[in-house]
Amino acid sequence: MTSKVDAIHESEYGIKPQIIVSAPLRIHLMGEHSCFFGDKTLSLAVNVPVYMAVSLRNDTNLAFYYNKTNERKKLNLVTTTKFRKEDRLANLFKAVIYAYQDCGFEFSGFDVTVYSEIPPQVGFGVRNAMIVCAANAIRKLFKPHFPVSKMVSVIERACTVYLSVPFSLPDVYTALFSKKRYCILTDSSTKEYELLPFNFPGFSVLLTDCKVPNVSIWNEESFHTEKNKQALASLKKTKMGKIVYDDSIAEMNEAFEGMSEEQRRKLIFIIREFQNMNDAIDALENGALSQFVRSVNRSQDSLRELLNISCPEIDWIAKRVQEMNTNVYGECFSCARITGNGIGHSMFAILKDDDIETYMQKLVDYEKIFSFHPVTYTVGSADGALIL
């Protein structure tokens, strides 16, 4: 793939790139809605990366090309310092440039080529991977000994100050630090991460863009209030050396006093997700597939019932997946969960290789029922960002 990206860049700009970098896409297995409250997020980097080729210019222009949508932008970095909607994905590279300038970096111009097989709107962290690629490429070209920890801060500034979007530490850590055959557990309270084994021979991960219109009916940031954080913090207890939530009815009623039923449901989701996370961590550490997929399926149930951010189409697919591989003892060995922001239209499934054909047939039935044409990618775990 490197040679292909190299050729595209040379064809576009008439010069070979000085550097090619990559960063993986990701799925959040669970916990992505709990970051604000200091809880953990379990993520998996997948082997459909974003590639970025960069060469330096002698002027102050940024030339940007993205293969998937044939998007081309050319702009002057001196006169167009602010975010502009019409600059589209080029804004991501601009954001990283200006965040680095705040750290004392000095630049001229850039020719940039971005290549990905999955478009940004699908929801598997394509934009995040582009930002990480930009940060890694600029760091390597100008200050290769610039600490990675400071590069994370640069990415945070690019997101929050320039792009005015929330910064996701699990997204960035997954893109940077993942290892093949492992998933990554990010602790938002300590800003630390650890790798957990994710190696189930004979099973595959499938990403599906269900093509359901992504219309959010709630603003997640409105849920991120100090009042909600304090209410949940009051329920955290130490039990046998571990932090747990006290989910007794009496304690929750006291902590959530005066809150609407909707707010209560969302806070209860955070508690349930914490419990599902602990079950998933224990399962991964012990190689217990049935326990792991059960925790993922319970997380999907909570997304539907408590956060109300699933949809009938994804619920239909998730149910078909859960029915595929259940033994006589009621143990399930396949799982499916929505992923992405807000009312997502994308999901992942983990199932036996022998069941992939059955899954694809279920998607044919899905299309007949819902009139949406889904697109599915079979993926595996992946290493984090690379200099190629």
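To be clear, the structure that these remarks concern was listed above.
Residue positions are given per chain, counting from 1 as you read along its sequence in written order. Where local features are concerned, this predicted model is filtered to residues with pLDDT of at least 70; where side-chain atom pairs are given and counted, the filter is 80 or more; whole-chain, interface and lining totals use all residues. Computation of side-chain values: all heavy atoms of the structure, hydrogens and water removed.

### A look at the nonpolar core
Inclusion rule: In plain words, nonpolar cores are sets of buried Ala, Val, Leu, Ile, Met, Phe, Trp, Tyr and Cys residues tied together by side-chain atoms within 4.5 Å. Categorising residues by exposure relies on relative accessible area from a 1.4 Å probe, with only protein chains included: less than 20% of the type maximum marks a residue as buried, more than 50% marks it as exposed, and the intermediate range marks it as partly exposed. In this description a helix means any DSSP run of H or I spanning at least four residues, a strand means any run of E spanning at least two, and both kinds are numbered starting from the N terminus. By definition, residues are in contact when any of their heavy atoms lie within 4.5 Å.
Of all hydrophobic cores here, the largest spans 85 residues; its most connected members are Leu42, Phe93, Tyr100, Phe110, Phe198 and Phe292. Tallying contributions element by element places helix 3 (residues 126–142) first for this core, with 10 residues. Beyond its immediate stretch of four places on either side in the chain, Leu42 contacts Ile27, His28, Leu29, Met30, Cys183, Ile184, Leu185, Leu196, Met277, Ala280, Leu284 and Phe292. Among the nonpolar cores identified, the runner-up in size contains 39 residues, and Leu267, Cys311, Ile356 and Tyr366 belong to it.

### Concerning the sheet that holds strand 8 (residues 203–209)
What counts is decided by this rule: For two strands to count as paired, DSSP must find a minimum of two bridges between them. Axes, fitted as lines to C-alpha atoms, cover a helix only where it is in contact. Angles between the N-to-C directions of the axes lie from 0 to 180 degrees.
Pairing within the open sheet is antiparallel, and its four strands lie in the order 11-12-8-13. Two strands bound the open sheet, and with one partner strand each, they are strand 11 (335–339) and strand 13 (375–379). Taken pair by pair, the neighbouring strands of this sheet meet at an average axis angle of 20°, ignoring direction.

### Here's the deal with the pattern of salt bridges
Under the convention used in this document: When a carboxyl oxygen of Asp or Glu is within 4 Å of a side-chain nitrogen of Lys or Arg, the pair counts as a salt bridge.
Overall, the coordinates contain 22 salt bridges when judged by the stated rule. Two residues, Lys16 and Glu10, come together in a salt bridge whose shortest N-O distance is 3.2 Å. Arg320 serves as the salt-bridge partner of Glu323, at 3.3 Å between the closest nitrogen and oxygen. Linking Glu323 with Arg320, this pair stays in helix 11 (residues 312–324), spanning three residues, or about one helical turn. In this structure Arg320 comes out as buried when scored by relative accessible area, which is 15%.

### Quick look at the environment of Val126
Here Val126 shows up in helix 3. The exposure class of Val126 is buried, given its relative accessible area of 1%. Distance in space between the C-alpha atoms of Val126 and Glu226 is 30 Å, their sequence separation being 100 residues. Once you skip the residues sitting within four places of it in the chain, Val126 turns out to touch Leu25, Val50, Ser116, Ile118, Pro119 and Pro120.

### Observations concerning the environment of Lys368
Its location among the elements puts Lys368 in helix 12 (residues 356–370). By relative accessible area, Lys368 is classed as exposed at 65%. Separated by 215 residues in sequence, Lys368 and Ser153 have C-alpha atoms that sit 47 Å apart.

### Let's talk about a nonpolar patch on the surface
Our working definition: Residues forming no salt bridge and having over 30% relative accessible area are the ones grouped into patches, like charges within 9 Å of each other and nonpolar side chains (Val, Leu, Ile, Met, Phe, Trp, Tyr) within 5 Å. Using a 1.4 Å probe, the Shrake-Rupley method yields the accessible areas, and only the shown protein chains count as cover for residues.
On the surface, a nonpolar cluster with roughly 250 Å² of combined accessible area is contributed by Tyr182, Tyr193 and Leu195. Among the structural elements, Tyr193 can be located in strand 7 (residues 192–197). For Tyr193, a relative accessible area of 37% puts it in the partly exposed group.

None of the figures reported here should be taken as evidence of function without further support.
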